[in-house]
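# Fold and geometry: a report
The lines below spell out each chain.
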Amino acid sequence: MRDIHEHSAGEDLVIKTSVRLLVPFIQLFGLYVIVHGHYSPGGGFQGGVILGASFILLALAYDLKTSQDYMPIWANALLGNLGPVIYIGVGALCAIFGGLFLDYSALDVLIPLGPVEWRSFGIFLVEVGVGLAVMSIMLLLYWNLSSGGALDEGL
Amino acid sequence: MTILSILTMILVLAGLFFFLAGTVGILRLPDFYSRLHAAGKCDSLAAVLMIAGLAIYNLDPFSFGSLLVSAKLMLIAGFVFVTSPTATHAITEAALVLGVKPWQRKGRKRP
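Just so we're clear, the structure is a prediction, and the values are computed from it rather than from any experiment.

What follows deals with the layout of surface pockets. Put simply, the second largest pocket is a space of about 640 Å³. Together, 14 residues line the second largest pocket, and F25(A), F29(A), L75(B), I76(B) and F79(B) are the ones closest to its centre. When residues of the lining of the second largest pocket are traced back to their parent elements, those giving at least two are α1 (13-35) of chain A together with α3 (64-97) of chain B. Considering only residue class, the lining of the second largest pocket consists of 12 nonpolar, 1 polar and 1 charged.

Here it is, written out as structure tokens:
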């Protein structure tokens, strides 16, 4: 294969500029998909994939270091562990306050909103946990696969 | 027949025309770059025209909800209008870097 930079114009201004313009809107849309998950198409998994894809887009258009400036490795690990903790924590709280595991209406004794409101709100809490876990695990998979596990340089 | 449905028809038919032109271009043009030229330009314009037509069609029983849905459709159109040329640019540059030769007539010297 020929030298990859023989014809290249160096840093690609078009791709970098459009990625820099688009990434905030992609992340906003990811949050929208997570928040609207219980009464429109979408949900935690889909919104998490969109959020993770925005960081992967940064890593593709710039490099791995730039995406790690916006989402440091420690923050990624923290969010990836916080997601399952939120999920299991909400479920276990329901069991502690007298319902079944993930039976959100049991949380009515904690904050009295009404059982129907709590079923809707509890799904939202669980979706946030799912979204955080999916986002950070997807980003971590990309970092590991593209840099051979070193997490420093890649595509 | 209201003015909105006439406008919808014009926009959707224009979008279909550009999709047709892009498809003919992909099938008939000789090499990678010119095919990508046809696909990238025609598809991004046609997608924006058709989405604008759908957004206007959606406005017909006018309410705040339908206005919101139309605004979301126009956001999708703006997104396509930015991303589609960028993707075409990235694919073209990758092909150029990997050394895909542009087509030329037989017997003509490369300048």
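Now that the structure is up, let's keep going.
Quick look at the packing of helix α2 (residues 32-58) of chain B against α3(B) now. Residue and element names in this part refer to chain B. One way to put it is that α2 packs onto α3 with a least axis distance of 8 Å and a crossing angle of 175°. On the basis of the axis angle, α2 is roughly antiparallel to α3. In the contact of α2 with α3, the residues fall into 20 nonpolar, 8 polar and no charged.

Attention now goes to the side chain of D12(A). Checked against the element boundaries, D12(A) lands in the segment before α1. Within the local environment of D12(A), its side chain forms a polar contact with the backbone nitrogen of V14(A), the two atoms lying 3.3 Å apart. Apart from residues lying up to four places away in sequence, D12(A) is in contact with H89(B) and E93(B).

Residue and element names in this part refer to chain A. Core analysis: the largest hydrophobic core is formed by 18 residues, its most contacted members being V19, F55, M71, L139, Y142 and W143. Counting residues per element, the ones that place at least two in this core are α1, α2 (44-61) and α5 (115-147). When residues in this core are grouped by element, the largest group, 6 residues, is from α2.

Next up on the list: a nonpolar patch on the surface. Taken together, the side chains of L93(A), I96(A), F97(A), V109(A), L110(A), I111(A), L113(A) and F121(A) make up a nonpolar region of the molecular surface, amounting to roughly 730 Å² of accessible area. Turning to its location among the elements, F121(A) is positioned in helix α5.

Now for α2(A). Residues and elements named next belong to chain A. Over its 18 residues, α2 runs 26 Å from end to end, which matches the ideal 26 Å to within 8%, given 1.5 Å per residue. Along α2, the positions that sit buried rather than exposed are G44, G47, G48, L51, G52, S54, F55, I56, L58, A59 and A61. Where the residues of α2 are buried, they touch α1, α3 (64-70) and α5.

What counts as what
Residues numbered from 1 in each chain as written. Chains lettered and ligands numbered in written order. Predicted model: local features only at pLDDT ≥ 70, side-chain atom pairs only at ≥ 80, totals over all residues. Heavy atoms only, no water. 1 Å grid on protein atoms, 1.4 Å probe; cavity = no way out; pocket = protein on both sides within 12 Å on 5 of 7 lines; lining within 4 Å. Points joined across faces, edges and corners; volume = space filled by probe spheres on them. Helix = DSSP H or I, 4+ residues; strand = E, 2+ residues; numbered from the N terminus. Nonpolar A, V, L, I, M, F, W, Y, C, P; charged D, E, K, R; others polar. Axes fitted to C-alpha atoms, helices over the stretch in contact; angles between N-to-C directions. Parallel < 35°, antiparallel > 145°, perpendicular 65-115°, else oblique. Polar contact = N/O pair within 3.5 Å; in protein donor to acceptor, adjacent residues only side chain to side chain. Contact = heavy atoms within 4.5 Å. Core = buried A, V, L, I, M, F, W, Y, C linked by side-chain atoms within 4.5 Å. Buried < 20%, exposed > 50% of the residue type's maximum accessible area, 1.4 Å probe, protein only. Patch = residues over 30% accessible without salt bridge, like charges linked within 9 Å, V, L, I, M, F, W, Y side chains within 5 Å. Areas by Shrake-Rupley, 256 points an atom, 1.4 Å probe, with all protein chains shown as cover. Salt bridge = Lys/Arg side-chain N within 4 Å of Asp/Glu carboxyl O. Expected span 1.5 Å × (residues − 1).

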